[in-house]
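Structural description and commentary
Letter by letter, the chains look like this.
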Amino acid sequence: MTKLLDGNQLALKIREEISKEIEEKIINKKRRIPHLGIILMGNNDSSITYVNSKIKECKKTGIKSTLIHLSSSISENILLKEIKKMNLNPLIDGFIVQLPLGKHINQEKIILSIDPKKDVDGFHPENFGKMALGMKSFFPATALGIITMLERNKIDISGKHSVIIGRSRIVGTPISILMSRKAYPGNSTVTITHSKTPNIESFTKQADIIIVAIGIPKFIKSNMIKKGSIIIDVGINNIKNNNKNILIGDVDFHNVYEKVSYITPVPGGVGPMTRIMLLKNTLKAALKNK
Ligand code: NAP
């Protein structure tokens, strides 16, 4: 029987765990409550939605948040100055710069300017490199959310063949590192595929676990997978259906449902796990910030 991997339920449980940890380790010890900074540039609809849901999640968890909303026309120097302020502010435990940025901004320069100790998105090369080397660091939230979801649902990934579709810095590459790392959960045999991979179904048909993050609606169909596979759908595609905007994933959910053993829905799968992992990283930063 197919089991739905419910990200909403699990994120709720983790939120309660975070709140409890804040109470025990911070409030009861009369320490300052964790504080997340968010820098948002411009008025991209999706970015605003993501930022608002992060702020809402902070409120529900008991984490303070401060939003710096900058105009899309500000220069790279102004943005760097705002980042410096966040880096130097002892009352900010961690912060994120919401991507994407304006075309005139050098994204790599921005990521490099974030203090790795406050880089709760885990995008700075110091954190990313540590993760790749199996050292402690902040892991990117989506990859951490996926691995946590597999672990909490007691899905053993060790020795399983995982096919990752997509190799972005924020999803595909970090999740391929975490799935294959020599640790628990990990030890999966990983194949990473992308837009230049010919005949992707020849890989997906062999996969025990498929993680797809490409942004193409209903890309994965039943004839591309083997029976009993586990599907993690990271894709978020905003499409029009009967004149209404709806969100769908990179997997043709109804088409594959009967054939898989586990699947994440969209919405309500990886998305809520990503949001809650940002808060887990913020708490981690706060506990380290003496
Ligand atoms: P991205 O940076 O645009 O990367 C897309 C990746 O997909 C690239 O590696 C690209 O290959 C690959 N790709 C594109 N077309 C392909 C095809 N036909 N076959 C195989 N691979 C293909 O995207 P992203 O930021 O990783 O996001 C991917 C999706 O996940 C989006 O829908 C995004 O909204 C969603 N997302 C969801 C969450 C969440 O929390 N649920 C978080 C982040 C992102 P190349 O490298 O060769 O170009």
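Described below are features of the structure shown in this document.

Reading the values: rules and limits
- Each residue is numbered by its place in its chain's sequence as written, counting from 1.
- At least 70 in pLDDT is required for a residue's local features to be given in this predicted model, at least 80 for side-chain atom pairs to be given and counted, and no such filter applies to totals for whole chains, interfaces and linings, which use all residues.
- Remark: hydrogens and water are excluded; side-chain values derive from all non-hydrogen atoms of the structure.
- A cavity, in this analysis, means grid points on a 1 Å lattice covering only the protein atoms where a 1.4 Å probe fits yet has no way out; a pocket is instead an open set bounded by protein on both sides within 12 Å along at least five of seven lines, and a residue lines either one if it has an atom within 4 Å of a point.
- Grid points are joined across faces, edges and corners, and a volume is the space filled by probe spheres set on the points.
- The secondary structure listing takes helices from DSSP runs of H or I that are at least 4 residues long and strands from runs of E that are at least 2 residues long, numbered from the N terminus.
- Note on residue classes: Ala, Val, Leu, Ile, Met, Phe, Trp, Tyr, Cys and Pro are nonpolar, Asp, Glu, Lys and Arg are charged, and everything else, Gly too, is polar.
- Throughout this document, a residue counts as near a molecule or strand when at least one of its heavy atoms sits within 4 Å of that molecule or strand.
- Note on areas: Shrake-Rupley, 1.4 Å probe, and residue coverage restricted to the protein chains presented here.
- Contact definition: two residues touch when any of their heavy atoms are within 4.5 Å.
- The term salt bridge refers to a side-chain nitrogen of Lys or Arg lying within 4 Å of a carboxyl oxygen of Asp or Glu.
- Exposure classes here rest on a 1.4 Å probe applied to the protein chains alone. A residue is buried below 20% of its type maximum, exposed above 50%, and partly exposed in between.

It is worth spelling out empty space enclosed by the protein at this point. Using the criterion set out here, one finds one cavity of 30 Å³ or more in the structure. The volume enclosed by the largest cavity comes to roughly 60 Å³. The wall of the largest cavity is formed by Phe95, Ile96, Val97, Leu99, Ile110, Ile111, Ile114, Asp119, Asp121 and Phe123. At the level of secondary structure, the elements contributing two or more residues to the lining of the largest cavity comprise strand S4 (94–97) and helix H4 (107–112). Looking at which element gives the most residues to the lining of the largest cavity, the answer is S4, with three residues. Here the residues of the lining of the largest cavity are counted per class, giving eight nonpolar, no polar and two charged.

The ligand sits among 21 residues. The nearest are Arg167, Ser168, Ser195, Val234 and Thr274. For the ligand, whose unbound accessible area comes to 930 Å², protein coverage reaches 70%. Of all the elements, helix H10 (residues 270–288) adds the most residues to the shell around the ligand, at three residues. When grouped by side-chain class, the residues that make up the shell around the ligand number eleven nonpolar, nine polar and one charged.

Take the side chain of threonine 204 next. Assignment of secondary structure puts threonine 204 in helix H8 (residues 201–204). Discounting residues that sit within four places of it in the chain, threonine 204 has contacts with Val163, Ile165, Ile210, Ile220, Met224, Ile225 and Lys226.

With that settled, consider the pattern of salt bridges. Following the criterion strictly, the structure yields 14 salt bridges and no others. For lysine 85, the salt bridge is made with glutamate 82, and the minimal N-O distance between the two is 3.3 Å. Linking lysine 85 with glutamate 82, this pair stays in helix H3 (residues 76–88), spanning three residues, or about one helical turn. We classify lysine 85 as exposed; its relative accessible area is 53%. For glutamate 82, a relative accessible area of 15% gives the class buried. Among the ionic pairs, lysine 117 bridges to aspartate 115, the shortest N-O distance being 3.8 Å. Through salt bridges that share partners, Lys13, Glu17 and Arg152 make up one connected network.

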